[in-house]
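Read off the chains here:
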Amino acid sequence: MEETDMFIVLSVMSVFFCYGLVYLSVTALMSYVRPKLGSGGNGVAVAANSIAYKTTIVRPDGRCLFRALVHGACSSSGWVIPDDCREGELADDLRARVLDELARRRDEFSQWDLGDFDEYVKRMQNPTEWGGEPELLMASHVLQTPICVFIVESNSGDLINISNYGQEYAEDNKPIKVLFRDYGHYDVLEILSDINCQKFGNHEFTKEIGYALAS
C-alpha cells in the first residue's frame, strides 16, 4: 500500500474513532441527565408528561417526611443544606413543633380517623414513626408555607400533584415540594422549571434553623 493510501486509511479511522468517542460521551451524559423513569436514586429525570424534575433521597429512618421538609425549607430559604446528622436533629425538632400544633388544633381533627387522639400524638412522638397527612397539614402551619405532594404515576410515568397543604401561605412563599413513593417514603422534589424559591416569612422555626446553620 502506497504512503498516500495509508494516510487516507488512517485519517478515515481517526474520524470514526472521534465520532465513536463523541457518541459514547453523549450517551453517558444522557443516561445521567435522564435516568429511568421512577428511578429510586438522586438525579434529574423527565416524567412522561414532560415535566423535568430533580429528586434528592433522604434517609429512610422513619423521619423521611420531616427530613424532606427540613431540606426543602433550607433550600427555599437559601441556607446551607444540613448534613445527615444535623438534618435528623432538625427533623426531630420539626416533628415536636408539628405535634404541638396538632395538639393545639385537635378540634379540627374531630372528623379524622385517627383513633384515640392522645394515643395518636403519643405514638407520633416516636422519632421513627412515619408521618402522614395530619403532619403535612400541621407542618404547613408551623413553617407558614405551602407543601405540595407529588407522585410518579406507576402506569403512565407522569409526575402528578396529588395534594396541597397551607395554600393560605402561597402569596408570600413558594411551596416545599416532596415526592411520595409507593412504599411510604418521602424524598425532596424540585421542579426544574420552577426553581427560584423565595424567602420564608419570619417564623420562629425557620429563624432557628438559620441561626443553627450560621453558628
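Residues numbered from 1 in each chain as written. Predicted model: local features only at pLDDT ≥ 70, side-chain atom pairs only at ≥ 80, totals over all residues. Heavy atoms only, no water.

The chain appears in an unreviewed UniProt entry as Ubiquitin thioesterase OTU from Papaver nudicaule. Word for word, the UniProt comment on the chain under Function (unreviewed entry) is "Hydrolase that can remove conjugated ubiquitin from proteins and may therefore play an important regulatory role at the level of protein turnover by preventing degradation." If you open the UniProt record of the chain and go to Subcellular location (unreviewed entry), you find "Cytoplasm". (UniProt positions renumbered as here; feature names shortened; annotations may be inferred.)

Caption draft 1: Focus on the pattern of salt bridges. In the structure shown here, the tally under the stated rule is 14 salt bridges. Close ionic contact of Arg67 with Asp61 constitutes a salt bridge, the shortest N to O distance being 2.9 Å. Neither Arg67 nor Asp61 differs from the other in exposure class; each is buried. For Glu101, the salt bridge is made with Arg105, and the minimal N-O distance between the two is 2.7 Å. Judged by relative accessible area, Glu101 falls into the buried class, the value being 13%. On the accessibility criterion, Arg105 (18% relative accessible area) is buried. Connected through shared salt-bridge partners, Arg59, Asp61, Arg63, Arg67, Asp84, Glu87 and Asp92 make up one network. (Salt bridge = Lys/Arg side-chain N within 4 Å of Asp/Glu carboxyl O. Buried < 20%, exposed > 50% of the residue type's maximum accessible area, 1.4 Å probe, protein only.)

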